Amino acid sequence: MSAALVGYSSSEEEQEQEEEGGNRGGGAQGPPAARWVRWGGGGRSVREAAGARGLPPPLPPLLLFLFFLVLTPLRSRSSGRPRLPAPAGLPGDPDPEEAVSDDSSRHGGRVRCFPHERGNWATHVYLPYTAQEEFLELLELLLSHARTYVPSLAAMEEFHLSLSQCVVLRYHWIQPFVRSLRERLAAFHRFFCVADQVKVYTNQNKTRTFIGLEVSAGHFQLLELVSEVDGVLEEFDLPTFYKDPSFHISLAWCVGDLSGRLEGQCLQELQDIVDRFEESAFLLRIQWEQIRCKSGNKYFSFPLR
């Protein structure tokens with residue numbers, strides 16, 4: 001193996017020397033084997049052949065191997081060759097697409113509930129809701145009125161009902177976590193709930209305020225789902241859901257604690273809009289068909305039976 005390595009490393013140099021000799025009008029070259037020392041006899045004739053050609057005495061193969069072993073990396077660095085990229089997808093490393101920015105100005109003023117660390121993935125379990133055209137019309141009516149009290153309100157881009165808090169998973173925990181969720185949720189069937197009660201919420205550190213539709217029917221089935229999700233969270237020593245949750249679908253949000261402006265008269269007026277909206281009783285009776293888990297930029301779906 002060593003001889004092959006040394007022979008390969010020196011072959012380019014030999015070819016260069018031969019080409020340079022031919023360009024300079026040099027005479028016929030002896031066979032490459034004549035440059036090696038044959039231990040155990042015959043060494044004199046080889047040295048004489050080397051001296052006749054004006055070459056220095058050849059080095060032993062072991063010294064040549066060590067010489068090229070040291071010289072090769074130095075040559076590659078001095079030649080400016082680009083280094084190979086670091087391997088991606090190693091255990092414990094986040095996905096290369098997980099771009100992170102803690103600049104709140106790039107996120108509408110939103111502030112992280114916990115600092116980002118490389119390899120930590122924000123994870124959330126929820127029921128996704130696909131908004132129909134009529135639902136978006138109702139949302140526009142509610143937003144137009146609520147902005148007379150809080151102009152900075154913005155509509156949610158997606159709609160869901162949470163079954164867990166936002167927790168932190170290490171990268172190598174994601175697959176076991178999802179597998180455990182799938183096993184625990186496999187027996188659940190589709191069900192309905194009614195979300196028709198307007199309510200104002202703030203997050204735990206009071207940095208954001210939300211307007212949401214609270215669930216008034218279907219609470220028992222949601223608690224059963226939360227119980228199974230909590231079981232998975234406990235397996236990984238993660239915080240479980242709130243003890244007395246107010247299940248809801250968030251509709252709009254703003255930065256800061258502005259609940260005082262939205263509660264009272266504004267809240268009652270928003271509820272009147274919902275109650276008077278055409279076919280609101282049918283519109284806000286929602287059938288849940290799947291549970292979803294979002295971890296970083298990865299989504300996992302668990303269809304209900």
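None of these values were measured; they are calculated from a predicted model.

Draft legend 1. Layout of the UniProt feature "active site" (unreviewed entry) in the protein chain. UniProt annotation of "active site" (unreviewed entry) refers to His160 and His248 when read in the numbering used here. Maximum C-alpha separation among the annotated residues is 8.2 Å over a sequence range of 89 residues, consistent with a single clustered spot. Along the chain, the position of His160 falls in strand 3 (residues 159–162). When its relative accessible area of 24% is taken as the criterion, His160 is described as partly exposed. Discounting chain neighbours no more than four positions away, the residues touching His160 are His124, Tyr126, Leu127, Pro128, Tyr129, His248, Ile249 and Ser250. Among the polar contacts made by the side chain of His160, one reaches the side chain of Ser162 at a distance of 3.5 Å. Examined against the element boundaries, His248 turns out to sit in strand 7 (residues 248–255). The contact partners of His248, leaving out residues within four places of it in the chain, are His160, Leu161, Ser162, Tyr201, Leu213, Glu214 and Val215. Only 2.7 Å separates the side chain of His248 from the backbone oxygen of Ser246, close enough to count as a polar contact.

Draft legend 2. Representation of the packing of aromatic side chains in the model. The final tally for this structure, using the stated rule, is eight aromatic pairs. Taking 5.5 Å as the distance between ring centres and 45° as the angle between the ring planes, the aromatic pair formed by Trp121 and Tyr171 counts as tilted. With a gap of 50 residues between them, Trp121 in strand 1 (residues 120–129) and Tyr171 in the loop between strand 4 (167–170) and helix 5 (174–185) connect regions that are remote in the sequence. Aromatic pair Phe177 and Phe236: ring centres 5.5 Å apart, planes at 65°, arrangement edge-to-face. On the criterion of sequence distance, the pair formed by Phe177 in helix 5 and Phe236 in the loop between helix 6 (219–235) and strand 7 is long-range, its members being 59 residues apart. Just as Phe177 is buried, Phe236 falls in that class too. Over the aromatic face of Trp253 sits the side chain of Arg208, whose NZ or CZ is 4.4 Å from the ring centroid. Here the guanidinium or amino end of Arg285 rests over the ring plane of Phe192, the centre of that ring lying 3.9 Å away.

About the thresholds
Sequence order as written defines residue numbering, which begins from 1 separately in each chain. This being a predicted model, a pLDDT of at least 70 is required before a residue's local features are given, and a value of 80 or more before pairs of side-chain atoms are given or counted; all residues contribute to the totals for chains, interfaces and linings. Values shown for side chains rest on all heavy atoms present in the structure; no hydrogens or waters enter the calculation. UniProt positions are given in the numbering used here, feature names are shortened, and annotations may be inferred rather than shown by experiment. A run of H or I in DSSP becomes a helix once it reaches four residues, and a run of E becomes a strand once it reaches two; helices and strands are each numbered from the N terminus. Partly exposed describes any residue whose relative accessible area lies between the buried limit of under 20% and the exposed limit of over 50%, with all areas from a 1.4 Å probe on protein chains only and scaled to the type maximum. What makes two residues a contact is simply this: any of their non-hydrogen atoms within 4.5 Å. Under this definition, polar contacts are N or O atom pairs within 3.5 Å; protein pairs additionally need one hydrogen-donor-capable and one acceptor-capable atom, and for neighbouring residues in sequence, both atoms have to be side-chain atoms. Two aromatic rings from Phe, Tyr or Trp, using only the six-membered ring of Trp, form a pair when their centres are within 6.5 Å; if the ring planes differ by under 30 degrees the pair is stacked, by over 60 it is edge-to-face, and anything between is tilted. The criterion is that NZ of a Lys, or CZ of an Arg, lies within 6 Å of the ring centre and within 35 degrees of the ring normal, and then a charge sits over that ring.

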